[in-house]
Amino acid sequence: MERTFAMIKPDGVRRGLTPEILARIQRKGYRVVGLKQMVIARETAEAHYGEHKERPFFGELVDFITGGPVVAIALEGENAIAGWRAMMGATNPANAAPGSIRADFATTTGENVTHGSDSTESAARELALFFKDGELLA
Ligand code: RTP
Ligand code: MG
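Now for a look at the structure at hand. (Residues numbered from 1 in each chain as written. Chains lettered and ligands numbered in written order. Predicted model: local features only at pLDDT ≥ 70, side-chain atom pairs only at ≥ 80, totals over all residues. Heavy atoms only, no water.)

### Regarding helix α7 (residues 120-130)
Inspection of α7 places Ser122, Ala123, Glu126, Leu127 and Phe130 among the buried residues, and these make up the whole buried set. Looking straight down α7, one finds that the buried residues subtend no more than 125° of arc, so they occupy a single side. For α7, the exposed residues lying more than 90 degrees away from the buried face are Thr120, Glu121 and Ala128. In this fold, the buried residues of α7 make contact with β1 (2-8), β2 (31-38), α3 (42-48), β3 (70-77), α5 (80-88) and β4 (114-116). (Buried < 20%, exposed > 50% of the residue type's maximum accessible area, 1.4 Å probe, protein only. Helix = DSSP H or I, 4+ residues; strand = E, 2+ residues; numbered from the N terminus. Arc of directions from axis to C-beta. Contact = heavy atoms within 4.5 Å.)

### Regarding the pairing of β1
Of all 7 residues in β1, 5 are buried, a share of seventy percent or more. Relative to β3, β1 is paired through 7 bridges, and the arrangement is antiparallel. Note that in β3 the partner of Thr4 across the bridge is Leu75. Summarising the sheet, β1 and β4 pair through 3 bridges and their orientation is antiparallel. Bridge pairing in β4 links Ala6 to Gly116. (Pairing = 2+ DSSP bridges.)

### A short note on the site of ligand 1
Lining the immediate environment of ligand 1, one finds 13 residues, of which Lys9, Tyr49, Arg85, Thr91 and His115 sit closest. Between ligand 1 and the protein, one listed contact pairs an oxygen atom with a side-chain N or O atom of Tyr49 at 2.7 Å. Arg85 is positioned such that a nitrogen or oxygen atom in its side chain is 2.7 Å from an oxygen atom of ligand 1. Protein chains shield 77% of the accessible area of ligand 1, which is 560 Å² for the free molecule. In terms of residue class, the shell around ligand 1 is made up of 3 nonpolar, 7 polar and 3 charged. (Near = heavy atom within 4 Å. Polar contact = N/O pair within 3.5 Å; in protein donor to acceptor, adjacent residues only side chain to side chain. Areas by Shrake-Rupley, 256 points an atom, 1.4 Å probe, with all protein chains shown as cover. Nonpolar A, V, L, I, M, F, W, Y, C, P; charged D, E, K, R; others polar.)

### Quick look at the sheet that holds β1
The strand order across the open sheet built from 4 strands is β2-β3-β1-β4, with neighbouring strands paired in antiparallel fashion. Among the strands making up the open sheet, the edge pair consists of β2 and β4. Going from strand to strand, the sheet's axes swing by 20° on average, the running direction of each strand aside. In the packing of α7 onto the sheet, contacts are made with β1, β2, β3 and β4, and the angle to β1 comes to roughly 55°. (Axes fitted to C-alpha atoms, helices over the stretch in contact; angles between N-to-C directions.)

Set out below in structure tokens:
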């Protein structure tokens, strides 16, 4: 069993895609062990995307992710880290597999609807950044 951090980004929430995305997660069979709608503090966003600090799009990325409510989700399941990344599809929706969330609902790399941790280490770090111990189901 693995846990991963998933997020519906501000574009997804704004466009009313939250129920559709939660339905896909549940149909897949992942267990939602944490769930909350929130506006991300700038400091948290900068820590979350710290690996991209030197990239030219960093400022825009932080502006975007803090620019409206997101839905933070802790998922549990067999192979959940890679599995959720597969459900999301490639970063650039133009390269995302047909049927994936980004292929079905996004057109640009900058606003690509969902986030998913990319490794065991990122998952642990991001879950701790967004959820306190008591907020996750055992
Ligand atoms: P995420 O972290 O949001 O789940 O996305 P990801 O792993 O698929 O992609 P990553 O390389 O971690 O990039 C994080 C987010 O930064 C934006 N981005 N813009 N303009 C660009 O070239 C560019 N590259 C990345 C995207 O919104 C991406 O999701
Ligand atoms: Mg990433």
